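Next come the chains, spelled out residue by residue.
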Amino acid sequence: MTMPSALPAPDLAQNPAKGILLYMVGIFFMSSMDVMAKIVVQDVHVAMAVWARYAGQTVVVTLFFLPKLGTIARTRYPGIQFARSVLLLLGTSMFFLSLTQLGLAEATAIMDINPILITLGGALFLGERFGPRRAFGVVAALVGALIIIRPGSAVFQPAAVFPLIAACGYGGFVLLTRRVGGNEDPRTSLFYAAMLGALATSIAVPFFWTTPAPLTVLFMVVIGIFGACGQFFLIRAVQFAEAGAIAPFSYLGLLIAAFWGMVIFGDFPDLATWIGAAIIVAAGLYVWHRERVAG
């Protein structure tokens, strides 16, 4: 993936600590959305969960920003906004599909290769720094994730390719979001991230539609709301911090997935999972502290 040379470099107010905090809030909403999706796909087709995610976000954004929607819909980078939407739709669809065959924590752990893609992509395509502390944070967090998923276990099955594809899609989405940065209103990026997905899934969902239970309908609504909130905070985050600085904090989603998997689905993590999670937390706190001092 290459970046158009004609585009100016993002005009960003660097505040790594603030960017990391916003990113963590966004990850919380997105991970909670994944929990809702895991519940929904047990009752209806995965296409309905993906549709709920994008249609719900489109409705939330449209209603919330209705007075200024005409201005918000104007974008300086229509090509990049289109590419962002495609990559996010790919990532969401593949991850939700993985939830039909993998546990929440397992799918999240596999997808958590995306911080490496974001950090390396930021260095290759955006000219971002890749210093020792960022490298340490990414590698340490990856080691923690590998301890959790344990190569050679039942996690590595054909279905594992879905979260891997999702990681590539999400990584590309974050890099393109960072690329437009402060040159684009975050509300505009939020609007376009939802609109294409809503249009595409609205065309596809009638072929897979079944009448959902009332509780499933509620969860589908929550998916849309959490998706909108999560995307807004993620977009704001990359306006304050470089992609490589926030990448290790994607692993927070793994901890949230493990927690909700235990509470809701009765999937109790073993000792190796707790050890891996502890390494991930320590790596994230270290990078946050170093970025805060350096910032």
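The coordinates are above.
These numbers come from a predicted model, not from an experiment. (Residues numbered from 1 in each chain as written. Predicted model: local features only at pLDDT ≥ 70, side-chain atom pairs only at ≥ 80, totals over all residues. Heavy atoms only, no water.)

### A word on helix H5 (residues 104–111)
- Summarising burial for H5: seven of the eight residues are buried, a large majority.
- Taken together, the buried positions of H5 are Leu 104, Ala 105, Ala 107, Thr 108, Ala 109, Ile 110 and Met 111.
- Where H5 is buried, its residues touch helix H1 (16–40), helix H4 (78–98), helix H6 (114–125), helix H7 (132–149), helix H8 (161–180) and helix H12 (252–265). (Buried < 20%, exposed > 50% of the residue type's maximum accessible area, 1.4 Å probe, protein only. Helix = DSSP H or I, 4+ residues; strand = E, 2+ residues; numbered from the N terminus. Contact = heavy atoms within 4.5 Å.)

### Observations concerning a nonpolar patch on the surface
- Residues Val 60, Val 217, Val 221 and Ile 225 make up a contiguous nonpolar surface patch of roughly 270 Å² in combined accessible area.
- With three residues, the top contributor of residues to the nonpolar patch is helix H10 (residues 214–237).
- Tracing the sequence through the fold places Ile 225 in helix H10. (Patch = residues over 30% accessible without salt bridge, like charges linked within 9 Å, V, L, I, M, F, W, Y side chains within 5 Å. Areas by Shrake-Rupley, 256 points an atom, 1.4 Å probe, with all protein chains shown as cover. Salt bridge = Lys/Arg side-chain N within 4 Å of Asp/Glu carboxyl O.)

### Focus on the pattern of salt bridges
- Counted under the stated rule, the structure contains one salt bridge.
- Between Arg 187 and Asp 185 there is a salt bridge, and its shortest N-O distance comes to 2.7 Å.
- Judged by its relative accessible area of 22%, Arg 187 falls in the partly exposed class.

### Looking at helix H2 (residues 46–64)
- With 19 residues, H2 ought to run about 27 Å at 1.5 Å a step, and its terminal C-alpha atoms sit 27 Å apart, in line with that.
- Inspection of H2 places Val 46, Ala 47, Met 48, Ala 49, Val 50, Ala 52, Arg 53, Tyr 54, Ala 55, Gln 57, Thr 58 and Val 61 among the buried residues, and these make up the whole buried set.
- Summarising the contacts, the buried residues of H2 are in contact with H1, H4, helix H9 (186–204) and H10. (Expected span 1.5 Å × (residues − 1).)

### Focus on the side chain of Thr 216
- Among the structural elements, Thr 216 can be located in helix H10.
- In this structure Thr 216 comes out as buried when scored by relative accessible area, which is 8%.
- Not counting chain neighbours up to four residues away, the residues in contact with Thr 216 comprise Val 40, Asp 43 and Val 44.

### Section: the layout of surface pockets
- Taken as a whole, the second largest pocket encloses approximately 160 Å³ of empty space.
- Around the second largest pocket sit Trp 51, Ala 52, Ala 55, Gly 56, Val 59, Val 60, Val 217, Met 220, Val 221, Gly 224 and Ile 225, which together line it.
- Looking at the lining of the second largest pocket, the elements that each hand over two or more residues are H2 and H10.
- Per-element tally for the lining of the second largest pocket: the top contributor is H2, with six residues.
- When the residues that make up the lining of the second largest pocket are grouped by side-chain class, the tally is nine nonpolar, two polar and no charged. (1 Å grid on protein atoms, 1.4 Å probe; cavity = no way out; pocket = protein on both sides within 12 Å on 5 of 7 lines; lining within 4 Å. Points joined across faces, edges and corners; volume = space filled by probe spheres on them. Nonpolar A, V, L, I, M, F, W, Y, C, P; charged D, E, K, R; others polar.)

### Focus: the nonpolar core
- Tyr 23, Phe 96, Leu 99, Ile 118 and Tyr 170 are the most contacted members of the largest nonpolar core, which has 65 residues in total.
- No other element matches H1, which puts eleven residues into this core.
- Among all residues touching Leu 99, those that are not within four sequence positions of it are Asp 34, Ala 37, Lys 38, Val 41, Leu 104 and Ala 107.
- One finds Ile 116, Ala 140, Tyr 251 and Ile 280 within the second-largest nonpolar core, a separate group that totals twelve residues. (Core = buried A, V, L, I, M, F, W, Y, C linked by side-chain atoms within 4.5 Å.)

### Thoughts on the packing of H2 against H10
- Put simply, H2 and H10 touch, their axes get as near as 7 Å, and they point 60° apart. Taken together, H2 and H10 sit at an angle that is classed as oblique. Every pair of crossing elements has a handedness; the one defined by H2 and H10 is right-handed. Contact with H2, carried on its side by Met 48, Ala 49, Trp 51, Ala 52, Arg 53, Gly 56, Gln 57 and Val 60, involves Met 220, Ile 223, Gly 224, Ile 225, Gly 227, Ala 228 and Gln 231 of H10 and no other residues of that element.
- Classifying every residue of the contact of H2 with H10 gives nine nonpolar, five polar and one charged. (Axes fitted to C-alpha atoms, helices over the stretch in contact; angles between N-to-C directions. Parallel < 35°, antiparallel > 145°, perpendicular 65-115°, else oblique. Left-handed = near helix turned anticlockwise from the far one by under 90°.)

### Considerations on the environment of Leu 102
- By the secondary structure assignment, Leu 102 is in the loop between H4 and H5.
- Residue class for Leu 102 comes out buried when judged on its relative accessible area of 5%.
- Distance from Leu 102 to Ile 223, taken between C-alpha atoms, is 19 Å for residues 121 residues apart in sequence.

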